[in-house]
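Commentary on secondary and tertiary structure
Residues per chain, in single letters:
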Amino acid sequence: MKLRWIGLVMLLMVLGACQDPFRLKGSATILHEAGTPFTDPGFVAPDNQVTVSGSLDPMVPGTYTLTYTWEHDEKTTSLTRTVRVLDRTPPEITLDGDLTQVVCPLAPYAEPGIHVSDAVDSEIARRLRIRLEGNSVVYTATDASGNTSTVVRTLLRQDLQAPVLSLKGYETMDVPLNASFRDPGYRVSDNCGDLSDRVVVDHNVDPTTIGDYTVTYTVTDDGGNTVTLTRDVTVIDEAETIVYLTFDDGPSLNTETVLDVLADYGVKATFFVVKRSSRYDETLIRAVQEGHTIGLHTYSHDYDRIYSSVDAYLSDLQGISDHVYSLTGIRSMILRFPGGSSNRISDFNPGIMTKVTAKVNALGYHYFDWNVSSGDGNSTNTAEFIAHRTILGIKRGRVNVVLLHDGGGSAETAVALPLILDYLVSINALILPITMETPVVQHEVQN
Ligand SMILES: [Zn+2]
């Protein structure tokens with residue numbers, strides 16, 4: 001027993017003496033994962049006089065050979081090591097947003113964001129595939145070494161949000177007997193798309209019979225969410241209310257807003273324009289294209305000059321007429337005097353208004369004053385004040401010409417306009433642009 005132990009110890013001593021003084025550390029064949037830094041395990045040599053040759057790129061899969069050469073006692077001894085750089089790591093796919101996405105029932109899928117990276121494959125973005133399979137989005141990327149990653153995103157197709165429906169005008173509405181019922185309409189929006197064509201309006205309003213009626217507005221979105229609103233309509237014994245909305249002193253930056261509001265309500269107005277700059281020429285053209293009337297106000301709006309003589313007035317009028325004509329091709333014969341025909345600002349030239357009103361009549365123009373003043377000429381008045389004063393000024397059952405302004409200082413007018421229109425549509429007012437057929441509304445000349 002004891003002898004056997006001694007034999008084993010002696011055998012180990014012999015092996016130790018035989019171990020080569022120049023040898024590799026680590027294995028002669030190394031499998032190395034691509035994309036990670038490679039550190040040579042090195043060698044053992046008594047004097048360290050060893051050169052290592054051979055190149056290795058840990059980013060490029062392949063088989064590399066490293067050669068270790070030991071020069072000693074005028075002898076050369078070489079050892080080699082094989083390094084196999086292997087790409088066994090699949091690409092990494094990361095998604096922006098939640099793995100489960102709530103999307104509208106019929107909406108096309110909009111990718112919230114996808115990123116793919118790979119340890120060694122710089123072309124991996126080109127190898128990404130996105131497939132829509134039922135309610136799943138499947139992302140697959142296979143790198144140049146054939147490693148594949150797959151990530152799945154789940155789509156929850158649902159619309160839990162009801163449409164937002166609101167009425168233009170008021171919830172109650174008066175319709176004059178024998179007038180045509182003009183439904184003021186509605187506004188609708190939905191988180192899952194445009195429903196403006198899907199509102200069902202149902203009513204049995206009979207304008208030839210005095211009485212109470214109900215208009216029902218119903219809209220259902222793709223998720224089956226339904227909203228219903230009603231409007232109470234009363235047919236009353238009253239003559240039709242006709243309203244001409246007129247805007248002086250534009251166009252300006254405020255005119256665009258005014259045009260937007262008029263378009264929203266589907267009504268036409270009249271713009272008595274001035275020429276201050278060419279900055280809003282396109283706005284004036286837009287007004288014509290959208291069916292509004294362009295009337296002539298003044299080229300300069302300089303009272304001292306305009307009312308200094310009949311010739312001075314006519315020359316100013318010709319200036320604005322030519323300007324409108326050059327932009328629109330329309331030779332407008334509808335005008336409004338600066339300050340109105342009843343102005344006293346021209347008193348410095350006695351009788352001038354009597355002369356110019358007669359002159360423009362003789363030339364075939366139709367001039368318009370107003371019978372409803374909005375008070376928007378005073379720039380300190382708020383939109384609520386302007387709306388309130390206009391609504392108080394409207395007389396039901398007659399023709400109303402409303403004086404408003406859309407010059408640069410009249411921002412509040414544009415804000416007041418929806419309030420005014422909500423009222424007008426709620427009395428079923430007939431809102432019209434002035435034409436040459438419109439009966440003139442004129443003040444009594446004071447000078
Ligand atoms: Zn003016």
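Look above for the structure.
Quick caveat: nothing in here was measured; it's all calculated off a predicted structure.

Further remarks concern the overall build of the chain. Secondary structure summary: the chain contains eight helices and 26 strands in total. Its C-alpha atoms give the chain a radius of gyration of 44 Å, clearly above 22 Å, the size a compact globule of 447 residues would have. For the chain, the spread of C-alpha atoms along the principal axes amounts to about 145 × 55 × 35 Å. Sorting the 447 residues of the chain into buried and exposed places 28% on the buried side. Of the contacts formed within the chain by residues at least 6 apart in sequence, a portion of 68% connects residues at least 24 apart.

Strand order across the open sheet formed by four strands is 2-6-5-4, with mixed pairing between neighbours. With partners counted over all chains shown, the strands left at the sheet margins are strand 2 (29–33) and strand 4 (50–53), one partner each. Neighbour to neighbour, the strand axes of the sheet diverge by 25° on average, direction disregarded.

With respect to topology, four strands assemble into an open sheet ordered 14-18-17-16, the strand pairing being mixed. Strands with a single pairing partner mark the edges of an open sheet, and in this sheet they are strand 14 (172–176) and strand 16 (200–202). Put simply, the sheet's adjacent strands are angled 25° from each other on average, direction ignored. One ladder, built from five bridges, connects strand 14 with strand 18 (residues 226–236); its direction is parallel. Directly across from Thr172, in strand 18, lies its bridge partner Asp232.

Okay, unusual backbone geometry next. Residues apart from glycine generally show negative phi values, whereas peptide bonds are mostly found in trans. Cis peptide bonds are those with omega within 30 degrees of zero, and the linkage from Gly250 to Pro251 qualifies with 0°. By the secondary structure assignment, Pro251 is in the loop between strand 19 (242–250) and helix 2 (253–265). Of note, Asn178 is a non-glycine position whose phi angle comes to about 70°, a positive value. Residue class for Asn178 comes out partly exposed when judged on the 13 C-beta atoms lying within 10 Å of it. One non-glycine residue, His301, adopts positive backbone phi at about 55°. On the neighbour-count criterion, His301 (18 C-beta atoms within 10 Å) is partly exposed.

Let us look at helix 7 (residues 383–393). Along helix 7, the residues classified as buried are Ile386, Ala387 and Thr390. Down the axis, helix 7 shows its buried residues gathered within 95° of arc, on one side only. Every exposed residue of helix 7 that faces more than 90 degrees away from the buried side is listed here: Glu384 and Leu392. As for helix 7, its buried residues are in contact with strand 24 (372–373), strand 25 (399–405) and helix 8 (411–426).

In this section: the packing of helix 7 against helix 8. As a packed pair, helix 7 and helix 8 sit with axes 8 Å apart at the nearest point and diverge in direction by 40°. By the angle between their axes, helix 7 is oblique relative to helix 8. Considering how the two elements wind past one another, helix 7 and helix 8 form a crossing that is right-handed. Contacts between helix 7 and helix 8 involve Ala383, Ile386, Ala387, Thr390 and Ile391 from the first element and Glu412, Thr413, Val415, Ala416, Leu419, Ile420 and Tyr423 from the second. Of the residues that constitute the contact of helix 7 with helix 8, the class distribution is nine nonpolar, two polar and one charged.

Another point: the environment of Asp376. Mapped onto the secondary structure, Asp376 falls in the loop between strand 24 and helix 7. Given 30 C-beta atoms within 10 Å, Asp376 falls into the buried group. Taking the C-alpha atoms as reference points, Asp376 and Glu92, separated by 284 residues in sequence, lie 65 Å from one another. Excluding residues that lie within four positions of it along the chain, Asp376 makes contacts with Asn381, Ile386, Leu404, His405, Ser410, Glu412 and Thr413.

Calculation rules
- Residues numbered from 1 in each chain as written.
- Predicted model: local features only at pLDDT ≥ 70, side-chain atom pairs only at ≥ 80, totals over all residues.
- Helix = DSSP H or I, 4+ residues; strand = E, 2+ residues; numbered from the N terminus.
- Rg over C-alpha atoms; globule rule 2.2 N^0.38 Å.
- Buried ≥ 20, exposed ≤ 12 C-beta atoms within 10 Å, placed from the backbone.
- Contact = placed C-beta atoms within 7 Å.
- Pairing = 2+ DSSP bridges.
- Axes fitted to C-alpha atoms, helices over the stretch in contact; angles between N-to-C directions.
- Arc of directions from axis to C-beta.
- Parallel < 35°, antiparallel > 145°, perpendicular 65-115°, else oblique.
- Left-handed = near helix turned anticlockwise from the far one by under 90°.
- Nonpolar A, V, L, I, M, F, W, Y, C, P; charged D, E, K, R; others polar.

Read these as layout, nothing more, since geometry by itself doesn't imply function.
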